[in-house]
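Structural overview for review
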Amino acid sequence: PLMETFSMEGSVSWLSQYGSWAWAMGIVLLMGDLLLPLPATLVMSALGYIYGPVVGGLISAAGSFITGSFGYWLCRLMGEKAAIKLLGENDYKKGKKLSGKLGGWVVLSRWLPVFPEVISCMAGMVRMNATHFHLALAASAIPMGFVFAFIGSAGTENPTLAIALSAGLPPLIWWVTRSALKRKLAA
């Protein structure tokens, strides 16, 4: 039952039951990724299926941006002492150094299937520059929202392609990004 909900068909069905409020429930699901490992790309694809690539893209991009911002500010407001207590002083210093060295590259993790909300929270904890964080977040969330909404909208005519892209694109992006980060860290 839970796994059926987090399939393309299940996500569309679940969101559709909210009628004109499906967009709001999509954003709530995206924000739920802060607490639970929800498949955000499937939610974005479902929003594209329901609303089309433009409106679904706007909703998806907004939901991704809101979620990343909320995680950042929630963790930033914890304060430095709480972050050090939670992470330990050594890991806190490493995180601070890494966010300064990589800057916006860290936030591009929104495309990755590995804990994008954790990265947003860590950026807040180590007090990454808020302007840099939000610019990088927007640079990642906006295209991601539109790409997955487009994939979902393609599902109206070719559901197999939509499912394959929703599942296959994140690992491909992870591989490309990981390679680029390794080169940047090595430099």
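Structural notes, computed from the coordinates. (Residues numbered from 1 in each chain as written. Predicted model: local features only at pLDDT ≥ 70, side-chain atom pairs only at ≥ 80, totals over all residues. Heavy atoms only, no water.)

1. Description of the side chain of Ser153
Examined against the element boundaries, Ser153 turns out to sit in helix α9 (residues 130–154). Residues contacting Ser153, with those up to four places away along its chain left out, are Ser45, Gly48, Tyr49, Gly52 and Pro53. (Helix = DSSP H or I, 4+ residues; strand = E, 2+ residues; numbered from the N terminus. Contact = heavy atoms within 4.5 Å.)

2. Some thoughts on the packing of aromatic side chains
Evaluated as defined, the whole model comprises four aromatic pairs. With 5.9 Å between their ring centres and 25° between their planes, Trp21 and Trp23 make a pair best called stacked. Exposure remark for Trp23: the relative accessible area of 36% places this residue in the partly exposed category. When the centroid spacing of 4.2 Å and the interplanar angle of 15° are considered together, the rings of Tyr72 and Phe133 count as stacked. Of this pair, Tyr72 sits in helix α5 (residues 53–76) while Phe133 sits in helix α9, and the two are 61 residues apart along the sequence. On the accessibility criterion, Phe133 (0% relative accessible area) is buried. (Phe/Tyr/Trp six-rings, centres within 6.5 Å; stacked < 30°, edge-to-face > 60°. Buried < 20%, exposed > 50% of the residue type's maximum accessible area, 1.4 Å probe, protein only.)

3. Describing the packing of helix α3 (residues 22–32) against helix α4 (residues 40–51)
Running from N to C, α3 and α4 point in directions that differ by 170°, and their axes come no closer than 10 Å. On the basis of the axis angle, α3 is roughly antiparallel to α4. For the pair α3 and α4, the contacting residues are Ala22, Trp23, Gly26, Leu29 and Leu30 in the first and Ala40, Val43, Met44, Leu47 and Tyr51 in the second. In terms of residue class, the contact of α3 with α4 is built from nine nonpolar, one polar and no charged. (Axes fitted to C-alpha atoms, helices over the stretch in contact; angles between N-to-C directions. Parallel < 35°, antiparallel > 145°, perpendicular 65-115°, else oblique. Nonpolar A, V, L, I, M, F, W, Y, C, P; charged D, E, K, R; others polar.)

4. Some details on α9
Given a rise of 1.5 Å per residue, 25 residues ought to cover 36 Å, and the 36 Å separating the end C-alpha atoms of α9 matches this to within 8%. For α9, the capping residue at the N-terminal end is Asn129, with a side-chain oxygen 2.9 Å from the backbone nitrogen of Thr131. (Expected span 1.5 Å × (residues − 1). Polar contact = N/O pair within 3.5 Å; in protein donor to acceptor, adjacent residues only side chain to side chain.)

5. Looking at a nonpolar patch on the surface
A cluster of nonpolar residues, Val54, Val55, Leu58, Ile142 and Phe146, forms a patch on the protein surface that exposes about 430 Å² of accessible area. Breaking the nonpolar patch down by element, the ones donating at least two residues are α5 and α9. Among the elements that take part in the nonpolar patch, α5 stands out by supplying three residues, more than any other. Its place among the elements puts Ile142 in helix α9. For Ile142, a relative accessible area of 45% puts it in the partly exposed group. (Patch = residues over 30% accessible without salt bridge, like charges linked within 9 Å, V, L, I, M, F, W, Y side chains within 5 Å. Areas by Shrake-Rupley, 256 points an atom, 1.4 Å probe, with all protein chains shown as cover. Salt bridge = Lys/Arg side-chain N within 4 Å of Asp/Glu carboxyl O.)

6. Here we look at the nonpolar core
With 16 residues, the main nonpolar core has Leu15, Leu29, Leu30, Val43, Met44, Leu47 and Phe148 as its most contacted residues. For this core, the elements supplying multiple residues, two or more each, are α2 (8–16), α3, α4 and α9. Looking at which element gives the most residues to this core, the answer is α4, with five residues. Contact partners of Val43, with chain neighbours within four places excluded, come to Leu15, Gly26, Leu29 and Leu30. The next biggest cluster of nonpolar side chains, apart from the first, holds seven residues, and it includes Cys75, Leu87, Tyr92 and Met125. (Core = buried A, V, L, I, M, F, W, Y, C linked by side-chain atoms within 4.5 Å.)

All quantities given are derived from atomic positions and should not be read as evidence of function.
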